[in-house]
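Reading the structure
Letter by letter, the chains look like this.
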Amino acid sequence: MSNKFYAVSTGPYSSSFLTLQAIEVLKKCGTIFYPVTSSSEKAHVAFDCISSVIDVSEKNCIPVSFSMSKSEEKTRSEYEEIYKKIETELSVCDVAFVSIGDVSVYSTAARIARKVESEGFYVEFVSGVTSFCLAACECKLDLAEKDEEIRIIPGDAFFRSGKIDDVLKSGGTKIIMKSPRNLRNIIERIVEFDLVESAHLVKNAGYANEKIVEGRDILKLTEEDFLDAYMSVLIVSSAD
């Protein structure tokens, strides 16, 4: 088991965010797995990031899709199928699995890597630019001054469980991600907590159609904005 598995971060959307380490690793891997989605516009974002920088013509590039099912049994079955393909490829070469953002944050690649490592293979994570760091930079924000707290929140999950209010009441900066279903509801809670002036919403950070909405302009968001909210990052400053 001398071949290695690399979970490789591509950064958000653009190849300009690929690190030199990521490029070096991808060049030496014979097989590259990449996730695909049902959206035609962003179907192969991670793959598009790397293929515009490195020559993939002689590499075995394998797309993998995830149904995003709430059924744990179906999800487990999908992952097992991917594990088998990866282990087959690892028998002949180094393998990379690319993922947008950073593979250490809400990443499918990280879950896959844990399973691969449990089977005795060497695993390495290659870090990258996170979407929320890019979003903060695009808004020219200092996420935390001295001794301030930063909380990264999966918005939909926290809204459903009723924990979003406690988060908004807390001090420090709140970074709210993964909110495609409840972004509108979360913004309504931000308004109720009188935090809208310190709120910054960035959609599709780093992409050609990036959109930044700040302060009370968030109240002018359209229905289309809420329908296409998967790649949105909402940053809310301290409640203090």
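All of the points below concern the structure found in this document.

Attention now moves to the sheet that holds strand S8 (residues 199-203). Taken in spatial order, the five strands line up as S6-S7-S10-S8-S9 in an open sheet, and their pairing is mixed. Two strands bound the open sheet, and with one partner strand each, they are strand S6 (150-154) and strand S9 (211-214). Here the average twist between neighbouring strands, direction ignored, is 15°. Summarising the sheet, S8 and strand S10 (residues 232-236) pair through five bridges and their orientation is antiparallel. Paired with Leu-201 across the two strands is Leu-234, which belongs to S10. Relative to S10, helix H5 (residues 131-138) is tilted by about 60°, and along the sheet it contacts S6, strand S7 (173-177), S8, S9 and S10.

It is worth spelling out the sheet that holds strand S3 (residues 60-65) at this point. The parallel open sheet is built from five strands, whose spatial order is S3-S2-S4-S1-S5. Of all the strands in the sheet, the pair left with one neighbour each is S3 and strand S5 (122-126). The sheet shows a mean angle of 25° between the axes of neighbouring strands, direction not considered. Note that strand S2 (residues 31-36) and S3 share six bridges and pair parallel.

Within helix H1 (residues 20-28) the residues assigned to the buried category are Ala-22, Ile-23, Val-25 and Leu-26. Along the long axis of H1, the arc covered by the buried residues comes to 165°, so they all point the same way. Every exposed residue of H1 that faces more than 90 degrees away from the buried side is listed here: Leu-20, Glu-24 and Lys-27. Structurally, H1 contributes buried residues whose contacts are with strand S1 (4-11), S2, helix H2 (45-51), strand S4 (95-100) and S5.

Residues of helix H4 (residues 108-118) that are buried: Ala-109, Ala-110, Ile-112, Ala-113 and Val-116. Here the buried residues of H4 occupy an arc of 160° about the axis, which is enough to place them on one side. Structural note: H4 exposes Arg-114 and Ser-118 on the side pointing more than 90 degrees away from its buried face. Considering only its buried residues, H4 is in contact with S1, helix H3 (72-90), S4 and S5.

What follows covers the packing of aromatic side chains. A full pass over the atoms with the stated rule returns two aromatic pairs. Plain terms: the ring middles of Tyr-34 and Phe-47 are 4.4 Å apart, the flat faces sit at 25° to each other, and that makes the pair stacked. Of this pair, Tyr-34 sits in strand S2 while Phe-47 sits in helix H2, and the two are 13 residues apart along the sequence. Here Tyr-34 matches Phe-47 in class, with each residue buried. Aromatic side chains Tyr-79 and Tyr-83 sit 6.1 Å apart centroid to centroid with 55° between the ring planes, which places their arrangement in the tilted category. One end of the pair is Tyr-79 and the other is Tyr-83, both in helix H3 and four residues apart, which spans about a single turn. Here Tyr-79 falls in the buried class, since its relative accessible area comes to 8%. A relative accessible area of 8% means that Tyr-83 is categorised as buried.

What counts and how
Starting afresh in each chain, residues are numbered from 1 along the sequence in its written order. In view of the model being predicted, local features appear only for residues whose pLDDT reaches at least 70, and side-chain atom pairs are presented and counted only at 80 or more, with totals across whole chains, interfaces and linings using the full set of residues. Excluded from the side-chain calculation are hydrogens and water; included are all heavy atoms of the structure. Following DSSP output, two strands are said to pair if at least two bridges run between them. Strands here mean DSSP runs of E at least two residues long; helices mean DSSP runs of H or I at least four residues long; both are numbered from the N terminus. To get an axis, fit a line to the C-alpha atoms, keeping to the stretch in contact for a helix; angles then go from 0 to 180 degrees between the N-to-C directions. The contact criterion used is simple: two residues touch if any of their non-hydrogen atoms lie within 4.5 Å. When accessible area is computed with a 1.4 Å probe and restricted to protein chains, residues below 20% of their type maximum are described as buried, those above 50% as exposed, and intermediate ones as partly exposed. Taking the helix axis as origin, the arc is that swept by the directions to the C-beta atoms. When the centres of two rings from Phe, Tyr and Trp lie within 6.5 Å, Trp using its six-membered ring, the rings pair. Their planes under 30 degrees apart give stacked, over 60 give edge-to-face, and anything left gives tilted.

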